[in-house]
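Coordinates in review
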Amino acid sequence: MSNAENPPRPVTISQVKTEAELWQALAIREVVFIEEQHVPEGIERDAEDVKAYHVLAFQGGHAIGTGRLVMLSEPPPGETGRWAQIGRMAVLQAHRKARVGAMLLTSLEDEARRRGVSDVVLHSQLYALEFYKKQGYEPMGGVFKEAGIDHLKMRKKL
Ligand SMILES: CC(C)(COP(=O)(O)OP(=O)(O)OC[C@H]1O[C@@H](n2cnc3c(N)ncnc32)[C@H](O)[C@@H]1OP(=O)(O)O)[C@@H](O)C(=O)NCCC(=O)NCCS
């Protein structure tokens, strides 16, 4: 709750640098994907987690959101450039629709630009399409299932 005397506390985004911070990111994903969306635990965490660039959103010292950037070894067939994939975007339910997701995405895209990435792809759950469209992502291809949930591949040129 916020008002003129009690303004909303600022949200900051920072890179995950320690193992403890990675556990905070994984804990948010556990709440959002495993508990809320019933994604099987065995596929929520994967081999990319050790290599990925992760970010955390903090408010008042509490971690409230996370996301990750994974470099792709090569562009998709027929494409050129340096590609990366954003994923595991998760904001705790009580903090949604307050621009935390947009801040996380912007921060991951900033890192992708620093790495010379030309194109970012992601797999959007159908309900989140509008969120990604608002951040400049365009659908590519058809609907497919991932973790039992309908997804669409989306792309943004940086
Ligand atoms: C998807 C998710 C990360 C978005 O985070 P968020 O912090 O709520 O999003 P933001 O507040 O930054 O939204 C930015 C804009 O997108 C809109 N938006 C966000 N989620 C939306 C949705 N599900 N449908 C339509 N619009 C949405 C917001 O209203 C806002 O619009 P505005 O720019 O006109 O104000 C969050 O809903 C979430 O964690 N969901 C559960 C996990 C999940 O499904 N992750 C995505 C897997 S593909």
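Now for a look at the structure at hand.

Conventions and cut-offs
Residues numbered from 1 in each chain as written. Predicted model: local features only at pLDDT ≥ 70, side-chain atom pairs only at ≥ 80, totals over all residues. Helix = DSSP H or I, 4+ residues; strand = E, 2+ residues; numbered from the N terminus. Rg over C-alpha atoms; globule rule 2.2 N^0.38 Å. Buried ≥ 20, exposed ≤ 12 C-beta atoms within 10 Å, placed from the backbone. Contact = placed C-beta atoms within 7 Å. Pairing = 2+ DSSP bridges. Axes fitted to C-alpha atoms, helices over the stretch in contact; angles between N-to-C directions. Near = placed C-beta within 6 Å. Nonpolar A, V, L, I, M, F, W, Y, C, P; charged D, E, K, R; others polar.

**A closer look at the overall build of the protein**
Each helix and strand counted, the protein has four helices and seven strands in total. The helix and strand sequence of the protein, counted from the amino end, reads β-α-α-β-β-β-α-β-α-β-β. For 158 residues, the compact-globule estimate of 2.2 N^0.38 gives 15 Å, and the protein sits close to it at 16 Å. With respect to the principal axes defined by its C-alpha atoms, the protein has extents near 55 × 35 × 30 Å. Buried positions account for 25% of the 158 residues belonging to the protein. Long-range pairs, those at least 24 residues apart, make up 61% of the contacts in the protein with a sequence separation of at least 6.

**Quick word on the sheet that holds strand β6 (residues 138-146)**
Strand order in this open sheet of seven strands is β1-β2-β3-β4-β5-β7-β6, and the pairing throughout is mixed. Among the strands making up the open sheet, the edge pair consists of β1 (11-15) and β6. Ignoring strand direction, the axes of neighbouring strands in this sheet form an average angle of 25 degrees. The pairing of β6 with strand β7 (residues 149-157) spans seven bridges and is antiparallel. Considered in β7, the bridge of glutamate 146 is made with isoleucine 149. Lying over the sheet, helix α1 (residues 19-36) contacts β2 (53-59), β3 (62-71) and β4 (83-91), oriented at roughly 100 degrees with respect to β3. On the sheet, helix α3 (residues 100-114) packs against β1, β2, β3, β4 and β5 (119-125) and is oriented at approximately 35 degrees with respect to β3.

**Some details on the pairing of β6**
Burial within β6 is sparse, with just zero of its nine residues counted as buried. Hairpin geometry of β6 and β7 is characterised by an intervening segment of two residues between the two adjacent antiparallel strands and by a positive phi of about 50 degrees at alanine 147.

**A word on the site of the ligand**
Neighbouring the ligand are 18 residues, the closest being Arg96, Gly101, Ala102, Glu130 and Phe131. Residue assignment for the shell around the ligand shows that the elements contributing at least two residues are β4, α3, β5 and α4 (129-134). Across the shell around the ligand, the residue classes tally to ten nonpolar, three polar and five charged.

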